[in-house]
Amino acid sequence: MTPKTIGKLIGIFILGTVLTACAPDKAESLELSIANDQEEYDIDTDVPVTVVSVPEDADLSDLEYKADSSHIGFADGVLSTGSVEGVYQIYVQSGDIQSNSITIHVVDIAAREAAEKAAAEAEAQRLADEKAAAATTSGGSSPASESTGNGGHSNFTTYNNTEQQNTSASYVLNTNTGKFHYPSCSSVAKIAPQNYSTSNSSRDDLVAQGYSPCGRCKP
């Protein structure tokens, strides 16, 4: 072997050693998190997620976002909740290193509010029918002839109380659903009066009390 060939081999060996030393390390551990993690997420919502590796400069070129359902999607570090309600598990993986698993509960908030409104209206109608039947039996006047101050329609029947949004409190509570809203939220006007409450507590205090933020106004 000529000295020139030996020199080339030594050069290749040194270059390979340098490149190996400069190459990023593989991840030793991964931590997946969601900022402002919520108890529930509305359908068709984008949720940013964060991945932290040890070491921080680890090679994550093969990082994969995983979910136990095809309804959950990922793109550029953003989770898409999809259009199907359910409880899903998400995590990330790089090589044979897997992160912690996070559980997310996806719900159709608009559909649930519509169902709650329909149930409240049905209950109000049932009470009105009972009152009408009692008035007829006792010979009293029909509730239809009683003035409600709103063209014969009571706000307690329609649950369209926009005046409920006129509050100086920090938050409006729905004591039935356990949700808290900004006063300007469109859902506030739809809260049944018996379930309506306000609070000047902090967001963290309300969460600690068991309330969860509205998925529409996201307080």
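Novice: Report on the layout of surface pockets, specifying residues and quantitative values.
Specialist: Where empty space is left becomes clear once a probe the size of a water molecule has been rolled over the atoms. Its volume calculated, the second largest pocket comes out at about 270 Å³. What lines the second largest pocket is a set of 20 residues, among which Glu116, Asn174, Thr177, Lys190 and Ile191 lie closest to the centre. Elements with a contribution of two residues or more to the lining of the second largest pocket: helix 2 (109-138) and strand 11 (179-181). It is helix 2 that contributes the most residues to the lining of the second largest pocket, 6 residues altogether. Residue classes in the lining of the second largest pocket are distributed as 6 nonpolar, 8 polar and 6 charged.

Novice: Can you tell me about the sheet that holds strand 10 (residues 171-174), naming the residues and giving the values?
Specialist: Within the open sheet, the 4 strands sit side by side as 12-10-11-13. Their pairing is mixed. Each having just a single partner strand, strand 12 (196-199) and strand 13 (212-213) make up the two edges of the open sheet.

Novice: Please provide a residue-by-residue account of the pattern of salt bridges, values included.
Specialist: For the coordinates displayed, the defined rule picks out 7 salt bridges. A salt bridge links Arg112 to Glu40; the nearest nitrogen and oxygen atoms lie 2.9 Å apart. Here Arg112 is found in helix 2, whereas its partner Glu40 is found in the loop between strand 1 (29-34) and strand 2 (41-42), with 72 residues between them in sequence. A salt bridge links Glu123 to Arg126, with the shortest nitrogen-to-oxygen separation between them at 2.6 Å.

Novice: With reference to specific residues and values, describe the packing of aromatic side chains.
Specialist: What characterises a pair of aromatic rings is the spacing of the ring centres plus the angle enclosed by the ring planes. The tally for this structure, following the rule as stated, stands at 3 aromatic pairs. Geometrically, the ring pair formed by Tyr171 and Tyr182 is stacked, given 6.0 Å between the ring centres and 20° between the ring planes. Separated by 11 residues along the polypeptide, Tyr171 in strand 10 and Tyr182 in the loop between strand 11 and strand 12 bring together distant segments of the chain. The exposure class of Tyr182 is partly exposed, given its relative accessible area of 34%.

Novice: With reference to specific residues and values, describe a negative patch on the surface.
Specialist: A cluster of acidic residues, Asp25, Glu28, Glu56 and Asp57, forms a negative patch at the surface. With respect to the helices and strands, the residue Glu28 is situated in the loop between helix 1 (3-22) and strand 1. Judged by relative accessible area, Glu28 falls into the exposed class, the value being 60%.

Novice: I'd like a description of the nonpolar core, backed by residues and values.
Specialist: Judged by nonpolar contacts, the single largest core of 17 residues is most densely connected at Ile34, Ile72, Leu79, Ile90 and Ile104. One finds Val172, Val188, Ile191 and Cys217 within the second-largest nonpolar core, a separate group that totals 6 residues.

Novice: Quick rundown of the sheet that holds strand 1? Include the residues and the values.
Specialist: Within the open sheet, the 4 strands sit side by side as 1-3-6-5. Their pairing is antiparallel. Each of the sheet's edge strands pairs with one partner strand only, and the pair in question is strand 1 and strand 5 (73-75). Strand-to-strand twist in this sheet, taken as the mean axis angle between neighbours without regard to direction, amounts to 30°. Strand direction decides the pairing type here: strand 3 (residues 46-54) and strand 6 (residues 78-80), joined by 3 bridges, are antiparallel. Residue pairing across strands places Val47 opposite Leu79, the latter belonging to strand 6.

Novice: Pulling in residues and values, what's your account of the confidence of the model for the chain?
Specialist: Mean pLDDT over the chain works out to 85, with 79% of the residues at or above the 70 mark. Between residues 140-157, whose pLDDT stays under 50, and residues either more than four places distant or in other chains, the model counts 16 contacts.

Novice: Any details on the environment of Tyr88? Residues and values, ideally.
Specialist: Along the chain, Tyr88 turns up in strand 7 (residues 86-94). Distance from Tyr88 to Ile104, taken between C-alpha atoms, is 5.4 Å for residues 16 residues apart in sequence. Ignoring any residue separated from it by four or fewer positions in sequence, one finds Tyr88 in contact with Asp68, Ser69, His71, Ile72, Ile102, Thr103, Ile104 and Val106.

Novice: I'd love a proper account of unusual backbone geometry, names of residues and values included.
Specialist: Note on backbone geometry: most residues besides glycine have negative phi, and most peptide bonds are trans. Of note, the amide linkage connecting Val54 to Pro55 takes the cis form, showing an omega dihedral of 0°. Here Pro55 shows up in the loop between strand 3 and strand 4 (64-67). Within the chain, Asn36 stands out as a residue other than glycine whose phi angle is a positive 55°. Relative to the helices and strands, Asn36 resides in the loop between strand 1 and strand 2. One non-glycine residue, Asp76, lies in the positive phi region at around 55°. Within the secondary structure, Asp76 is located in the loop between strand 5 and strand 6.

The rules behind these values
- Residues numbered from 1 in each chain as written.
- Predicted model: local features only at pLDDT ≥ 70, side-chain atom pairs only at ≥ 80, totals over all residues.
- Heavy atoms only, no water.
- 1 Å grid on protein atoms, 1.4 Å probe; cavity = no way out; pocket = protein on both sides within 12 Å on 5 of 7 lines; lining within 4 Å.
- Points joined across faces, edges and corners; volume = space filled by probe spheres on them.
- Helix = DSSP H or I, 4+ residues; strand = E, 2+ residues; numbered from the N terminus.
- Nonpolar A, V, L, I, M, F, W, Y, C, P; charged D, E, K, R; others polar.
- Pairing = 2+ DSSP bridges.
- Salt bridge = Lys/Arg side-chain N within 4 Å of Asp/Glu carboxyl O.
- Phe/Tyr/Trp six-rings, centres within 6.5 Å; stacked < 30°, edge-to-face > 60°.
- Buried < 20%, exposed > 50% of the residue type's maximum accessible area, 1.4 Å probe, protein only.
- Patch = residues over 30% accessible without salt bridge, like charges linked within 9 Å, V, L, I, M, F, W, Y side chains within 5 Å.
- Areas by Shrake-Rupley, 256 points an atom, 1.4 Å probe, with all protein chains shown as cover.
- Lys, Arg positive; Asp, Glu negative; His and termini not counted.
- Charge placed at Lys NZ, Arg CZ, Asp CG, Glu CD.
- Core = buried A, V, L, I, M, F, W, Y, C linked by side-chain atoms within 4.5 Å.
- Axes fitted to C-alpha atoms, helices over the stretch in contact; angles between N-to-C directions.
- pLDDT = per-residue confidence, 0-100.
- Contact = heavy atoms within 4.5 Å.

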